[in-house]
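# Topology and contacts: notes
Below are the chains, spelled out letter by letter.
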Amino acid sequence: MPQQSAVTLREVSKVYGDVSALERFSLDVPTGRLVCLLGPSGCGKTTTLRLIAGFVAPTHGWVFIEGADVTAKPPHLRDIGIVFQHHALFPHLSVFENVEFGLRNIGARKVERRERVNEMLATVRLVGLGGRYPRELSGGQQQRVALARALVLRPAVLLLDEPFSNLDAQLRVHMRDEVRSLVHQLNATTILVTHDQEEALAMADQIVVMNKGQIEQVGQPSEVYEVPESRFVAEFIGRCNLLPCKSAGRQRSVMVAGDQSLTISNDMTRESGVVAIRPEHFVVANGSSLNRLRVEIVQFTYLGARTYLHVSLQNLKMVVDLPSTETKGLMIGAPLELTVDPKFVRFLP
Amino acid sequence: MLWQNNKRSILTWGLFQAIAYFVLALPSLVIIGASFNPGSVLTFPPHGLTLAWYVRAVQTPAFTDSFLLSVELASIATVLSLLAGTPAAYALERYRLPGLQSVQTLLLSPIVIPAIVLGIGLLMFCNLIGIGQGLAALLLGHFVLTLPYVVRTLISNFSLFDVVLEEAAQSLRASRLVIWYRVILPNILPGLLSAAIFSFVTSFGNVALSIFLVSGSTATLPVQMFASVEHSSDPTLAAVASFVIFITGIIVLGIDRLAGLQRLV
Amino acid sequence: MGRFATRIAWSRNIYLLGLLTPAVAAVMLILSIPVAWLVRISLFPQDQSYDLSGWSAVHYMKALTDDLYLESLARTTIYSLIVTLGTAILGFPLGYAAARGKMRRWKIFFIVLPLTLSLIVNIFGWIMILGQNGLLNSVLLSLHLLDHPKQFLFGVGTVLVVLGHTYLPFQILSVMSVVRQIDPMLEEASASLRGNRWVTFWRVIIPLARPGIVAGCTIVFILTISAFIIPQLIGGASVQMYAVLVFQQMMTVLNWPFGSALSLILLVVALGFAALLRAAAGRSGGLRSVVAK
């Protein structure tokens, strides 16, 4: 029986007719951590969340919350809190009554309820707004009420279902930081579902990259970004060049674009595959001849501090992200010599 | 639904609904069954199958004449309601002026007035202005009865019809009349049709109001049936009633095909 | 505002008027004038349908003091409340299930069909079920629960059942259309906040569905209190509902002034109760705030 994990999913499958949303999926969510389920639509992340919440029952497998088997339990008997995508605040209840809702259901007395609600409203900085109704609040305020409502019950796990997708860009960034510091402050185990990789990188202690009902990789944001283990992860998180390559005969060396050889940072697991190089890892060549590539500039876009270049290496297309100070005077069609440190070049099968 | 997480509750819920819908349909089922019954006494369950009563029904002038009258009446009332109701619905939906809410209440009020009060009122009124009972009185009554349905259906239809199309037409030099003919009407055609059908069935099946307005020589089909129910127990009536059920059923299915019942109710 | 703008406003107003006039004129003519005339007739002192002249409130006095009519009004009101309550209780779960459950299209068909079907067809069907030779008797006889056919028609209970059956679809549709607008996620939110079925039901769904419930009850109440065809054919002489008395006075006894007075009293009571219902329940924030997404 898992003890340290707040939530455990074991060998969970969820099948809808012919479609398998999740297949033999297992996951451990450590207590007190913010774990992000990241992936494109249809990857099964929302299904996973709803399985943990209890709105959906698994076809096979088990769900544990704080060590207890809740697979057969309906949602209202699970120790969860959930913030929905469209916040789902009760329109006919005031802010105070919304936050108080769950406390009434678990039998808390009036005095205790008032205390806890007010405390929570102060924590989310909505003091004085208890008498307002949801429709009178801004998007960010509504989101905070939804958080308060879920957190006031001190659930074993807080579930966030793409909570920021409805907010405008600036507000989204702001709320992201707020929520992160809030759950850290309360030491609340949190599972966040999102398709926005920037959000995942910014908020998570641990990212679970999902694709087609399977886990592609689990790791800290820096691990997932710098050491992707599959093409999918490399491309989904940040931007990445994937260049087809073959073995060059020597250890940790590959051939790309016919006759260019590159030294890489990991061992090849197959005879051929791709190398992954992130655009920002290229530098303009200055003498060192290791991993030197001669490319032709196809297009470039000036973005202020950085300049983004589309280049071609023989027939391969690549993107390169260089500081603007190094790209002055460059023109379309001109050649460019680049190098990249081997530690930033990874082989992926 | 949230509480469908154990088999037993799903079963009881389903059973409850099945029984309820069965009971709702029961009178119609019974009538249809009895209409095929060969016995001459109105009984149920039927002892056999026969179309004799349908034949009898078609040969009874009381029923055929009143049927034709009902169809004629419903058609004229529907046309009138559409002519008056469509522009009114448009005005109520497109313009946001303070007095319009009361106008809307007024136009929808015939539904709320008890049929007996309306019936008596119209009877007295027709008496007063000298047209007495008969087709003219029925027409007045059915017109005011069907108008609210047309208005209501079309208001919801117009609310789904984006005003930006009309604005685009205006920017292309179209006058108001042209906008009606070439932009509005073609786009609300399904709504018009379903409003027409709703109006038709309402008028066709109406009995509470019509009872006050029929004369000896002009009876609508439902009123004729009412008289038959009171005075005889002829299975021919069952055939007539079944016929009404079939027609109404087909018409309602027609509305569903056209505009989707879900969106109208 | 320049003269050009004023001209546009005028043109718009005339257009508006043109659009509305036919319908409004029709309704005013065919609705308001008859009702006004009815009021006038009720104030004639005579007890007949011809040679009417003069002014008097004698019929109102009689209607409001004669025991026969007062009792009938009271009884009819109580029956209406019973039917309204019964259909509300049955209609709510059915309406909810129709809004949320499967096979919605078929359910709606089976609800709308009885509504559009002529009242007389419905009554006829019930007569065939409850009559001496009817379905109920046949079934009970063949199951040996009865020795000889029993007359199920002609009783208060039967009338109320038939009234309820006839008007139940209104409640179902009313509830269904309002529940459709309630975001299903609110029910999930309630469950996630430790709310079991009952809590979700009472504290979330019913408050938000209140406008629909009120609308349904209003319609059913008005229809039931003014019902005269069903009580007459199904109930017989023992069930003297108010509208039946009105009908008798107008069409059989031909005492038009008195009948008119009775009908207007009925109108006032019906609409008065409707207004009361709305006022008592109309405090909700309106459905606009509840529309999903």
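Numbers given to residues run from 1 along each chain, matching the order in which its sequence is written. Chain letters and ligand numbers both follow the written order, the letters beginning at A and the numbers at 1. Reporting of local features is limited, given that this is a predicted model, to residues whose pLDDT is at least 70; pairs of side-chain atoms are given and counted only at 80 or more, and all residues count toward the totals for whole chains, interfaces and linings.

### Side note on the overall build of chain B
Broken down by element type, chain B carries 12 helices and 0 strands. Its helices and strands in sequence order give chain B the pattern α-α-α-α-α-α-α-α-α-α-α-α, from N to C terminus. Viewed in the frame of its principal axes, chain B has a C-alpha envelope of about 70 × 65 × 30 Å. Any residue whose C-beta has 12 or fewer other C-beta atoms within 10 Å is treated as exposed, any with 20 or more as buried, and any in between as partly exposed, C-beta atoms being built from the backbone. Among the 265 residues that make up chain B, the fraction classed as buried is 46%. Remark: residues whose backbone-derived C-beta atoms lie within 7 Å of one another are considered to be in contact. At a minimum sequence separation of 6, the contacts of chain B that also span at least 24 residues come to 74%. The helix count covers DSSP runs of H or I at least four residues long, the strand count covers runs of E at least two residues long, and both are numbered beginning at the N terminus.

### Focus on the pairing of strand 11 (residues 241–247) of chain A
Residues and elements named next belong to chain A. For two strands to pair, DSSP has to find at least two bridges joining them. In this sheet, strand 14 (residues 272–277) lies alongside strand 11 in antiparallel orientation, the contact comprising 6 bridges. From the neighbouring strand, Pro 244 faces strand 14, where its bridge partner is Val 274. Between strand 11 and the antiparallel strand that follows it, strand 12 (residues 253–256), lie 5 residues; Gly 249 among them carries a positive phi value of about 95°.

### A word on the packing of helix 1 (residues 7–35) of chain B against helix 4 (residues 104–116) of chain C
Between two packed helices, both the angle of their axes relative to each other and the distance between the axes serve to describe the pair. Interaxial angle, 0 to 180 degrees, is taken between N-to-C directions of lines fitted to C-alpha atoms, where a helix line uses only the stretch in contact. Here helix 1 of chain B crosses helix 4 of chain C at 35°, and the two axes come no closer than 10 Å. Every pair of crossing elements has a handedness; the one defined by helix 1 of chain B and helix 4 of chain C is left-handed. Contact with helix 1 of chain B, carried on its side by Tyr 21, Leu 24 and Ala 25 of chain B, involves Lys 107, Phe 110 and Pro 114 of chain C of helix 4 of chain C and no other residues of that element. For the contact of helix 1 of chain B with helix 4 of chain C, the class distribution of residues is 5 nonpolar, no polar and 1 charged. Two helices crossing with the near one rotated counterclockwise from the far one by less than a right angle form a left-handed crossing, whereas a clockwise rotation gives a right-handed crossing. Under the scheme applied, nonpolar residues are Ala, Val, Leu, Ile, Met, Phe, Trp, Tyr, Cys and Pro; charged residues are Asp, Glu, Lys and Arg; polar residues are all the others, including Gly.

### A closer look at the interface of chain C and chain B
Contacts between the two partners involve 71 residues from chain C and, on the opposite side, 70 residues from chain B. In terms of residue count, helix 1 (residues 3–42) of chain C provides more of the side of chain C that touches chain B than any other element does, 17 residues in total.

### Points about the sheet that holds strand 5 (residues 68–69) of chain A
Within a sheet, adjacent strands bond to each other through the backbone by hydrogen bonds, running parallel or antiparallel. Residue and element names in this part refer to chain A. In space, the 4 strands of this open sheet follow the order 2-1-4-5, with antiparallel pairing throughout. At either end of the open sheet lies a strand with only one pairing partner, and these are strand 2 (19–30) and strand 5. Where strand 1 (residues 5–16) lies against strand 2, 8 bridges are found, and the strand directions are antiparallel. Looking at the pairing, Val 7 lines up with Val 29 of strand 2.

Keep in mind these numbers describe shape, not what the thing actually does.
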